[in-house]
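Reading the structure
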Amino acid sequence: MERIAFKMYLNEGQKEEYKKRHAEIWPELKQLLKEAGISEYSIFFDDETNTLFAFQKVTGDGGSQDLGATEIVQKWWTYMKDIMKSNSDNSPVSVPLEEVFYME
């Protein structure tokens, strides 16, 4: 199992809307993530910088950011682009993070 971490950037003042949308995550998107081998997915928020920190455990070929070719992920990205920094394809600006410590 691989552990993946990355950061994304929320637009100013969008924390509550981000939380609301994720509390109502689409069942078909959640199912796709599970089918892709993502067994854990946590997102944390840094109020000082509006930075989101995401962590996933993955048994498949990649994490959630690698599912952009699927219709449901493209729809989710379009749904989220108004509250996040996004790329031209509507995917969230995402920066992979290097693991420098792990304790089991």
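In what follows, the accompanying structure is described.

Rules used in this analysis
- Residues numbered from 1 in each chain as written.
- Predicted model: local features only at pLDDT ≥ 70, side-chain atom pairs only at ≥ 80, totals over all residues.
- Heavy atoms only, no water.
- Helix = DSSP H or I, 4+ residues; strand = E, 2+ residues; numbered from the N terminus.
- Buried < 20%, exposed > 50% of the residue type's maximum accessible area, 1.4 Å probe, protein only.
- Contact = heavy atoms within 4.5 Å.
- Areas by Shrake-Rupley, 256 points an atom, 1.4 Å probe, with all protein chains shown as cover.
- Lys, Arg positive; Asp, Glu negative; His and termini not counted.
- Charge placed at Lys NZ, Arg CZ, Asp CG, Glu CD.
- Core = buried A, V, L, I, M, F, W, Y, C linked by side-chain atoms within 4.5 Å.
- Pairing = 2+ DSSP bridges.

Another aspect to go through is the overall build of the chain. Across its full length, the chain carries three helices and four strands. Going residue by residue from the N terminus, the α and β elements of the chain occur as β-α-α-β-β-α-β. Each principal axis of the C-alpha distribution contributes one length, and for the chain these read about 35 × 35 × 25 Å. A burial count over the chain gives 34% of its 104 residues as buried. Of the contacts formed within the chain by residues at least 6 apart in sequence, a portion of 69% connects residues at least 24 apart. When the accessible surface of the chain is summed, it comes to about 6900 Å², and 49% of that surface belongs to carbon and sulfur atoms. Computing the positive centroid from 12 side-chain charges and the negative centroid from 19, the chain places the two 4 Å apart.

A separate point is the nonpolar core. If you look at the biggest cluster of nonpolar residues, it comprises 21 residues, and the most contacted ones within it are M8, Y18, V73 and M84. Looking at this core, the elements that each hand over two or more residues are β1 (2-9), α2 (27-35), β3 (51-58) and α3 (71-80). When residues in this core are grouped by element, the largest group, five residues, is from α3. Apart from the residues within four sequence positions on either side, V73 is in contact with L29, L32, L67 and G68.

With that settled, the discussion passes to the pairing of β3. Summarising the sheet, β1 and β3 pair through eight bridges and their orientation is antiparallel. Directly across from M8, in β3, lies its bridge partner L52. Looking at chain direction, strand β2 (residues 38-46) and β3 are connected through eight bridges and run antiparallel. Directly across from E40, in β3, lies its bridge partner K57.

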